[in-house]
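Reading the structure
Single-letter residue listing:
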Amino acid sequence: LKLKFAAPSGSWECPTCMVQNKAADLKCVACETRKPGSSSNDDLRLKFAAPSGSWECQTCMVQNKAGDLKCAACQTSKPGAESAG
Ligand SMILES: [Zn+2]
Ligand SMILES: [Zn+2]
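Reading the values: the criteria
Residues numbered from 1 in each chain as written. Chains lettered and ligands numbered in written order. Predicted model: local features only at pLDDT ≥ 70, side-chain atom pairs only at ≥ 80, totals over all residues. Heavy atoms only, no water. Donors = N, O, S within 2.8 Å, 3.2 Å for Na, K, Ca; no water. Tetrahedral: all angles 85-135°; square planar, octahedral: opposite > 155°, others 65-115°. Helix = DSSP H or I, 4+ residues; strand = E, 2+ residues; numbered from the N terminus. Buried < 20%, exposed > 50% of the residue type's maximum accessible area, 1.4 Å probe, protein only. Polar contact = N/O pair within 3.5 Å; in protein donor to acceptor, adjacent residues only side chain to side chain. Contact = heavy atoms within 4.5 Å.

The next point concerns the coordination of the zinc ion (ligand 1). Within the protein, Cys14 (SG), Cys17 (SG), Cys28 (SG) and Cys31 (SG) serve as the donor atoms for the zinc ion (ligand 1), at 2.2 to 2.3 Å. Coordination at the zinc ion (ligand 1) is tetrahedral: its four donor atoms span angles of 101 to 121° at the metal. Every donor residue of the zinc ion (ligand 1) comes from the same chain, spaced as C-x2-C-x10-C-x2-C. Placement of the pair is Cys17 in the loop between β1 (12-13) and β2 (20-21) and Cys31 in the loop between β2 and α1 (41-47), with a sequence separation of 14 residues. Residue class for Cys31 comes out partly exposed when judged on its relative accessible area of 31%.

In structure tokens:
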């Protein structure tokens, strides 16, 4: 067996398939296992995702229902709301 040569700085080895991945890769290129120790901000964001279609008031941060065209608290119009007609 050859001595393992030093991997490029920042690269990481997939614990699942032992493939060397680049530092910039957040998932293994071979098996798509998540990079160990990588921050999971995306997971947190998903965990606190609002119900589908709901929207947050830019003014007072209140969560409104998808059907609401104005904020229930401060009457600010829904961002991107299309005016029918
Ligand atoms: Zn892998
Ligand atoms: Zn509001």
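At the metal site, the zinc ion (ligand 2) is ligated by Cys57 (SG), Cys60 (SG), Cys71 (SG) and Cys74 (SG), and these contacts range over 2.2 to 2.3 Å. In primary-sequence terms, the residues that donate to the zinc ion (ligand 2) follow C-x2-C-x10-C-x2-C. Using a relative accessible area of 1% as the deciding quantity, one classes Cys71 as buried. For Cys74, a relative accessible area of 30% translates into the label partly exposed.

Tracing the chain through its elements places Asn64 in strand β4 (residues 63-64). Residue classification places Asn64 among the buried positions, given a relative accessible area of 3%. At 3.2 Å, the side chain of Asn64 and the backbone oxygen of Val62 are in polar contact. Filtering out sequence-adjacent residues up to four positions away, Asn64 remains in contact with Ser54, Trp55, Cys57, Lys70, Cys71 and Ala72.

Here Val62 shows up in the loop between β3 (55-56) and β4. As for Val62 and Ala73, which are separated by eleven residues in sequence, their C-alpha atoms are 7.1 Å apart.

Structurally, Cys74 is set in the segment after β4. The sequence separation of Cys74 and Cys57 amounts to 17 residues, and the corresponding C-alpha distance is 8.5 Å. Apart from the residues within four sequence positions on either side, Cys74 is in contact with Cys57, Thr59 and Cys60.

On to the side chain of Asn21, then. As for its position among the elements, Asn21 is in strand β2. Within the local environment of Asn21, its side chain forms a polar contact with the backbone nitrogen of Val29, the two atoms lying 2.8 Å apart. Contact partners of Asn21, with chain neighbours within four places excluded, come to Ser11, Trp12, Cys14, Lys27, Cys28 and Val29.

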